[in-house]
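Residue strings, one per chain:
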Amino acid sequence: MEEVTGAQLIAEALKAQNVDYMFGIVGVPIIEVAMAAQASGIKYIGMRNEQAACYAASAVGYLTGRPGACLVVSGPGLIHALGGMANANVNCWPVVVIGGSSDSNQETTGAFQEFPQVEACRLYSKFSARPSSLEAIPSVVEKAVRTSMYGRPGACYVDISGDMVNAMVDRAKVRVVSCCPPPPVSLADPVAITEALTVLKGAKRPLLIIGKGAGHGRAEVSLRELVESCGLPFLPTPMGKGVLPDDHPNCVSAARSRALLQADVVVLFGARLNWILHFGLPPRFDPNVKVIQVDLCAEEMGNNVRPAAALLGDINSVVTQLLEHIRKDGWIYPPDTEWWTILKDKMAANAKTSKALALHSVMPMNYYNVFHHIAQLLPRDCIIVSEGANTMDIGRTMLHNYLPRHRLDAGTFGTMGVGLGFAVAAAAVERGQGTGQRVVCVEGDSAFGFSGMEVETMCRYKLPVVIIVVNNNGIYSGMDSETWEVMGKMGDLTTVAPPVTLLPDARYDEVMSAFGGQGFLVRTEEELRRALQLSLSEWERPSLINVLIDPASDRKQQEFPWLTRSNL
């Protein structure tokens, strides 16, 4: 008779489901689970905050297609992870959270960190359960992994009471559960395919919108054939960038507002008509626009705008269906239409404006100076992680992606604080796959502060992430040090300092240096280029480049604000 512990069963069940990465913070009662995970061959990365750990685990799910695991302690530890679970659910990324909880025989007694964890997680996940016995652990873990990936991906929660972790059971009594296969592939209704092509071929101003759902669905090859064989313009959503290269001749990102406003037929590939796409409504869209929706989630069809055609199914498979019909008749959208002329003229005008801003050297630097030089030096195949207000918005237009699933940002939930967790995950996956690709994390100074201690995690595991903090001394905008000093003489800063201000010229670079990484303080274009070149050449430790810019630096005037109620 061979006896195994609950901790071993959890770890072995995760490994059997091809879960290769676990992020978390250990403590009572789940220390043994982390140790068992390592013994089973799972890579364990100890983080500094459960929220960042959950962000990292969910990013692994997007990057690899199999969920990462997030391991948290009971009560407050699980509550801290709820933000990451909510973000994964809204982003549609698979993740499995394993949470320790109070001993089952102490329920309702006021046990240490007692909390209704299974019930709480139901608001933030697709599946939330506690195994009824040690024998049930493999089945519950398999269901959690499968549910996280199937249908619309999302978060799942498995609760393990403290007394189950070290309890033992005869292995022969535990049912062996095989690995769940990849999600089943479904095809769109052939009638809907015909309807969609009829609408698309009748368009005078067509536009394809490529969302991160297309990236998750690995649809890059089929979408490229569709775009190039038909000559259609496309626009990526923020994390749809790179599914097709940003420098593709049919990419119209530089004319985003014009493309959305004047398109008469829009085809959504794994993109949702939510706030990121202004709900598909006027004044951002033509009130008479026809929408063709391609999505694997039936409930998404018709949100905000009733589609002219709804193609329910796996995105890659649906695009292949469309291509089969198009190949038969050889349909091509003409390259000499008025629509292409409008888009190209607008792209040229916007590019000219952005170039003028980028090449206008000023001291202190502004966002456009900084991103111009970063863009020139970044490797073409690097993974770009980005968050912040202007930092993310301007960076999205100036820092190009050329490969799918190579941009991670605040996402559908607009979550600040995701950046360093995402970067840790991307670097861990890169190391495991041995691709030789760099991970570059571009942060606003406010965004960096949410999870800044994760630089210690990077140093501890020798993850060569390059962090660039674009430091304007505040949230949206800040103050220079001289103004701040005067402000301090006016009275109590809690009553006179604007709520958006942060400490001027904060030395975030020294935080990285304190843990053994490379820290650079940058004020000029030459210093920026030199620091980035040195950082990209370093493979043994992470770097942080603290770029001090003009606190009043702002983005250029927008035709339509990115958010619906604010020009900030």
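Just above sits the structure.
(A) Representation of the pairing of strand S14 (residues 383–387). Taken across its five residues, S14 has five buried, putting it largely inside the fold. Residues Ile383, Val385 and Glu387 line one face of S14 and the alternating positions Ile384 and Ser386 line the opposite face, and both faces are buried. Here S14 pairs with strand S16 (residues 439–444) via five bridges, running parallel. Opposite Glu387, over in S16, you have Glu443 as the bridge partner.

(B) Summary view of the environment of Leu71. Topologically, Leu71 is positioned in strand S4 (residues 68–72). Measuring from C-alpha to C-alpha, the distance between Leu71 and Pro335 comes to 53 Å, with 264 residues separating the pair along the chain. With near-sequence residues (within four places) excluded, Leu71 lies in contact with Met22, Phe23, Gly24, Ile25, Ile30, Val33, Ala34, Tyr44 and Ile98.

(C) Here's a closer look at empty space enclosed by the protein. Applying the stated criterion across every chain, the model contains two cavities of 30 Å³ or more. Each pocket or cavity is described by its volume, and for the largest cavity that value is around 50 Å³. Ala196, Leu200, Leu208, Leu226, Val267, Phe269, Ile292, Leu311 and Leu322 are the residues that line the largest cavity. Residue assignment for the lining of the largest cavity shows that the elements contributing at least two residues are helix H8 (190–201) and strand S11 (265–269). Class assignment for the residues of the lining of the largest cavity results in nine nonpolar, no polar and no charged. Estimated volume of the second largest cavity: approximately 40 Å³. Every residue lining the second largest cavity is listed: Ala427, Glu430, Gln437, Arg438, Val439, Pro464 and Val465. Here the residues of the lining of the second largest cavity sort into four nonpolar, one polar and two charged.

(D) Broad picture of the sheet that holds strand S7 (residues 155–161). Taking strand neighbours across the sheet as the criterion, the six strands line up as S3-S2-S4-S5-S7-S6 in an open arrangement whose pairing is parallel. Every other strand in the sheet has two partners, leaving strand S3 (43–46) and strand S6 (127–129) as the edge strands with one partner each. Each neighbouring strand pair of the sheet contributes to a mean axis angle of 20°, computed without reference to strand direction. In the sheet, strand S2 (residues 21–24) pairs with S3 via four bridges, with the strands oriented parallel.

(E) Structural view of the packing of aromatic side chains. All chains considered together, the criterion is met by four aromatic pairs. With a centroid separation of 6.3 Å and 75° between ring planes, the pair formed by Tyr55 and Phe422 is classed as edge-to-face. On the criterion of sequence distance, the pair formed by Tyr55 in helix H3 (residues 50–64) and Phe422 in helix H16 (residues 419–433) is long-range, its members being 367 residues apart. Judged on exposure class, the residue Tyr55 and its partner Phe422 are both buried.

(F) Structural detail: the packing of H8 against helix H12 (residues 315–329). Here H8 crosses H12 at 60°, and the two axes come no closer than 11 Å. One way to sum up the angle between H8 and H12 is to call them oblique. Once H8 is placed against H12, the crossing between them reads as right-handed. Within the contact between the two elements, H8 uses Ile193, Thr194, Leu197 and Lys201 and H12 uses Val318, Gln321, Leu322, His325, Ile326 and Asp329.

(G) Inspection of the pattern of salt bridges at higher detail. Throughout the structure, instances matching the rule amount to 20 salt bridges. The residue Asp393 makes a salt bridge to Arg396 at a minimum N-O spacing of 3.2 Å. Taken as a pair, Asp393 and Arg396 lie in helix H15 (residues 390–398) at a separation of three residues, close to a single helical turn. The pair Asp393 / Arg396 is uniform in exposure class, with both members buried. With its nearest N and O atoms 3.5 Å apart, the salt bridge here joins Glu510 to Arg507. Given the relative accessible area of 36%, Arg507 is considered partly exposed. One salt-bridge network, held together by shared partners, links Glu2, Glu12 and Arg171.

Calculation criteria
- Residues numbered from 1 in each chain as written.
- Predicted model: local features only at pLDDT ≥ 70, side-chain atom pairs only at ≥ 80, totals over all residues.
- Heavy atoms only, no water.
- Buried < 20%, exposed > 50% of the residue type's maximum accessible area, 1.4 Å probe, protein only.
- Helix = DSSP H or I, 4+ residues; strand = E, 2+ residues; numbered from the N terminus.
- Pairing = 2+ DSSP bridges.
- Contact = heavy atoms within 4.5 Å.
- 1 Å grid on protein atoms, 1.4 Å probe; cavity = no way out; pocket = protein on both sides within 12 Å on 5 of 7 lines; lining within 4 Å.
- Points joined across faces, edges and corners; volume = space filled by probe spheres on them.
- Nonpolar A, V, L, I, M, F, W, Y, C, P; charged D, E, K, R; others polar.
- Axes fitted to C-alpha atoms, helices over the stretch in contact; angles between N-to-C directions.
- Phe/Tyr/Trp six-rings, centres within 6.5 Å; stacked < 30°, edge-to-face > 60°.
- Parallel < 35°, antiparallel > 145°, perpendicular 65-115°, else oblique.
- Left-handed = near helix turned anticlockwise from the far one by under 90°.
- Salt bridge = Lys/Arg side-chain N within 4 Å of Asp/Glu carboxyl O.

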